[in-house]
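Analysis of the macromolecular model
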Amino acid sequence: LLSIGNNLTATAGTFDTAGNTLTIVTDLVLNGATLNAGASVIDIGDDLTLTSGTFNAGSSSISLFDDITGTSSVFVAQSSTLTFDGTGTQAVLSGITLNHAVVNGSGNTVQPGGNIILTGNLTVTSGVFDQTVAGRTITRSGSGAITVGSAGSLIIRDAGTTPYATAFPGWG
């Protein structure tokens, strides 16, 4: 178990979590380094900022309380699960590829900042996944299910210019 009481900023070298638990109270900033998550449990208490370098997510379980910003190609999803567990609006980096994505935060709304790619499951347990901005898409690559629990909502918009949103609470 490694617990960091403030930000973790990695600017060079390789940081290998080796299947351990990593807790970061505030931000994780990747700016030039490589982070190999493997089968780790990573809890980020605020933002994940991906400026440069490589975040090899492996089969890790990552919890994020706030936003993902930066450069989408830095994050390599592999077979990981990313859980959005905030309590407000959580922005998702445009162009990012996620394997399994989970929305599980009371009162949170996850909003992609642009097009995203999903290779695994999307599970909305509690909170809202909101893909209603015109022209933004979720591209499904691979197999996976979409599950919406009774305390969750999935809000989507068609490809046209007319606002169209549908919530599917309890669908899955």
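Everything discussed here concerns the structure shown above.
Here we summarise the structure given alongside this text.

1. Overview of empty space enclosed by the protein
In this structure the tally under the stated criterion is one cavity of 30 Å³ or more. Each pocket or cavity is described by its volume, and for the largest cavity that value is around 40 Å³. In terms of lining, the largest cavity is formed by Leu98, Ala101, Ile116, Leu118, Leu122, Phe129 and Ile138. Secondary structure elements with two or more residues in the lining of the largest cavity: β15 (116–118) and β16 (122–131). Here the lining of the largest cavity is built from residues that sort into seven nonpolar, no polar and no charged.

2. Structural notes on the pairing of strand β14 (residues 100–112)
Note: strand β11 (residues 81–84) against β14, four bridges, orientation parallel. The residue bridging Phe84 from the neighbouring strand is Val103, located in β14. The sheet contact formed by strand β12 (residues 89–92) and β14 spans four bridges and is parallel. Along β14, the bridge assignment pairs Val92 with Pro112.

3. Let's talk about the side chain of Gln90
Residue placement: Gln90 occurs in strand β12. You can call Gln90 buried: its relative accessible area is 1%. Among residues more than four places away in sequence, those in contact with Gln90 are Leu64, Phe65, Asp66, Asp67, Phe84, Asp85, Asn108, Thr109, Val110 and Gln111.

4. Some thoughts on the environment of Ser80
For Ser80, the position within the fold is in the loop between β10 (75–76) and β11. Between the alpha carbons of Ser80 and Gly38 there is a distance of 8.8 Å; along the sequence they are 42 residues apart. When sequence neighbours within four positions are dropped, the list of residues in contact with Ser80 reads Ala57, Gly58, Ser59, Ser60, Phe75, Asn99 and His100. At a separation of 2.7 Å, a polar atom in the side chain of Ser80 contacts the main-chain carbonyl oxygen of Ala77.

5. Quick notes on the nonpolar core
Counting residues in hydrophobic clusters, the biggest one holds 38 residues, and the most contacted among them are Leu50, Phe55, Ile68, Phe75, Phe84 and Ile96. At four residues, the largest contribution of residues to this core is made by strand β5 (residues 28–36). The contacts of Phe55, once residues within four sequence positions are left out, are Leu28, Leu30, Leu35, Ala37, Ile42, Leu48, Leu50, Ile62, Val74, Phe75 and Val76.

What counts, and at which threshold
- Residues numbered from 1 in each chain as written.
- Predicted model: local features only at pLDDT ≥ 70, side-chain atom pairs only at ≥ 80, totals over all residues.
- Heavy atoms only, no water.
- 1 Å grid on protein atoms, 1.4 Å probe; cavity = no way out; pocket = protein on both sides within 12 Å on 5 of 7 lines; lining within 4 Å.
- Points joined across faces, edges and corners; volume = space filled by probe spheres on them.
- Helix = DSSP H or I, 4+ residues; strand = E, 2+ residues; numbered from the N terminus.
- Nonpolar A, V, L, I, M, F, W, Y, C, P; charged D, E, K, R; others polar.
- Pairing = 2+ DSSP bridges.
- Buried < 20%, exposed > 50% of the residue type's maximum accessible area, 1.4 Å probe, protein only.
- Contact = heavy atoms within 4.5 Å.
- Polar contact = N/O pair within 3.5 Å; in protein donor to acceptor, adjacent residues only side chain to side chain.
- Core = buried A, V, L, I, M, F, W, Y, C linked by side-chain atoms within 4.5 Å.

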